[in-house]
Amino acid sequence: MKTNHILLILISLVVIAAVAYMLTSAESPEAYREKIEAERERQYKFIRFNVESPLTEEQKRDFKELNFYPIDPAYKVKARLIPVENRKVREVPMTDGSVERYIEHSYAEFELGGKTNRLLLLQSVSESDMRNFFLAFADETSGRETYGGGRYINARQDGKNSITIDFNLAYNPYCAYNPDYACPLPPKENILNISIQAGEKNYKE
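This is a predicted model, so every value here is computed, not measured. (Residues numbered from 1 in each chain as written. Predicted model: local features only at pLDDT ≥ 70, side-chain atom pairs only at ≥ 80, totals over all residues. Heavy atoms only, no water.)

Draft legend 1. Region of interest: the layout of surface pockets. Looking at the largest pocket, its volume works out to about 460 Å³. Taken together, 20 residues make up the lining of the largest pocket; nearest its centre are Glu39, Arg42, Asn154, Leu169 and Tyr171. Breaking the lining of the largest pocket down by element, the ones donating at least two residues are α2 (29-49), β6 (151-156) and β7 (162-166). When residues of the lining of the largest pocket are assigned to their parent elements, the largest contribution, six residues, is made by α2. Among the residues forming the lining of the largest pocket, the class breakdown is eight nonpolar, four polar and eight charged. (1 Å grid on protein atoms, 1.4 Å probe; cavity = no way out; pocket = protein on both sides within 12 Å on 5 of 7 lines; lining within 4 Å. Points joined across faces, edges and corners; volume = space filled by probe spheres on them. Helix = DSSP H or I, 4+ residues; strand = E, 2+ residues; numbered from the N terminus. Nonpolar A, V, L, I, M, F, W, Y, C, P; charged D, E, K, R; others polar.)

Here's what the structure looks like:
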């Protein structure tokens, strides 16, 4: 058998193996739903029982559940990472008028709601893992169905030039439950003019 034929066969086998791996390792809809539900249950238990919960003891006694949109895989998007040129430290305003310092790291660009959207990924100046990012955003639901001060996502880079943003995991800042807390406000770049009907809704006492 000629060398080029052997090489072609080997390449074909590698491609077949790669496709088979992707198909078998891909997360099933059921597994994805279970993962989101488990995270929501963890959030509920933290808010309800943890000593570091933003709820007062009186609030905890009457607290029954967190409010979420139905789980929708369409709101889990793969975004392109576009590095910020000349990265600098930004002082992000807090709800109490103070500021916190974050590094302007990258933009996450993705398709959703029939358009291309872009969100600024910030990184804490004290972050030790350079693949972790803080994402604060607001959208057309903010102030109506969701907290007016925006919501957060803990995002982690999962590709060389890409990052997965799962809006089903969007959660409320502490100040949504208790105004005594100070929370970072979404930067102006992260105010979306589409509705993100995914993740946590308004907290109702």
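Draft legend 2. Representation of the side chain of Thr141. Here Thr141 lies in the loop between β5 (132-137) and β6. Of the residues examined, Thr141 reaches a relative accessible area of 2% and is grouped as buried. Within the local environment of Thr141, its side chain forms a polar contact with the side chain of Thr146, the two groups lying 2.8 Å apart. Apart from the residues within four sequence positions on either side, Thr141 is in contact with Tyr69, Thr146, Arg151, Ser195, Ile196 and Gln197. (Buried < 20%, exposed > 50% of the residue type's maximum accessible area, 1.4 Å probe, protein only. Polar contact = N/O pair within 3.5 Å; in protein donor to acceptor, adjacent residues only side chain to side chain. Contact = heavy atoms within 4.5 Å.)

Draft legend 3. Just the state of the cysteines, in detail. Scanning the entire structure with this criterion turns up one disulfide. The disulfide partner of Cys175 is Cys183, and the S-S distance across this bridge is 2.4 Å. In this structure Cys175 comes out as buried when scored by relative accessible area, which is 9%. (Disulfide = S-S within 2.5 Å.)

Draft legend 4. View of unusual backbone geometry. Even without a glycine there, the phi angle at Asn86 is positive, about 55 degrees. For Asn86, the location among the structural elements is in the loop between β1 (76-83) and β2 (89-93). For Asn86, a relative accessible area of 70% gives the class exposed.

Draft legend 5. View of the pattern of salt bridges. Taken as a whole and assessed by the stated rule, the structure comprises 11 salt bridges. A salt bridge links Arg42 to Glu39, with the shortest nitrogen-to-oxygen separation between them at 2.7 Å. One end of the pair, Arg42, and the other, Glu39, are both in helix α2, three residues apart, so they sit about a helical turn from each other. Given the relative accessible area of 46%, Arg42 is considered partly exposed. As a salt-bridge pair, Lys45 and Glu41 come within 3.9 Å of each other at their nearest N and O atoms. Placement of the pair is Lys45 and Glu41 together in helix α2, with a separation of four residues, close to one helical turn. The class for Lys45 is partly exposed, based on a relative accessible area of 45%. The exposure class of Glu41 is partly exposed, given its relative accessible area of 38%. Beyond isolated ion pairs, a larger network of salt bridges with shared partners links Arg80, Glu109, Glu111 and Arg118. (Salt bridge = Lys/Arg side-chain N within 4 Å of Asp/Glu carboxyl O.)

Draft legend 6. Quick peek at the side chain of Gln123. Following the sequence through the fold, Gln123 ends up in strand β4 (residues 115-124). From its side chain, Gln123 meets the backbone oxygen of Asn132 in a polar contact 2.9 Å long. Excluding anything up to four places from it in sequence, Gln123 contacts Tyr102, Ile103, His105, Asp129, Met130, Arg131, Asn132 and Phe133.

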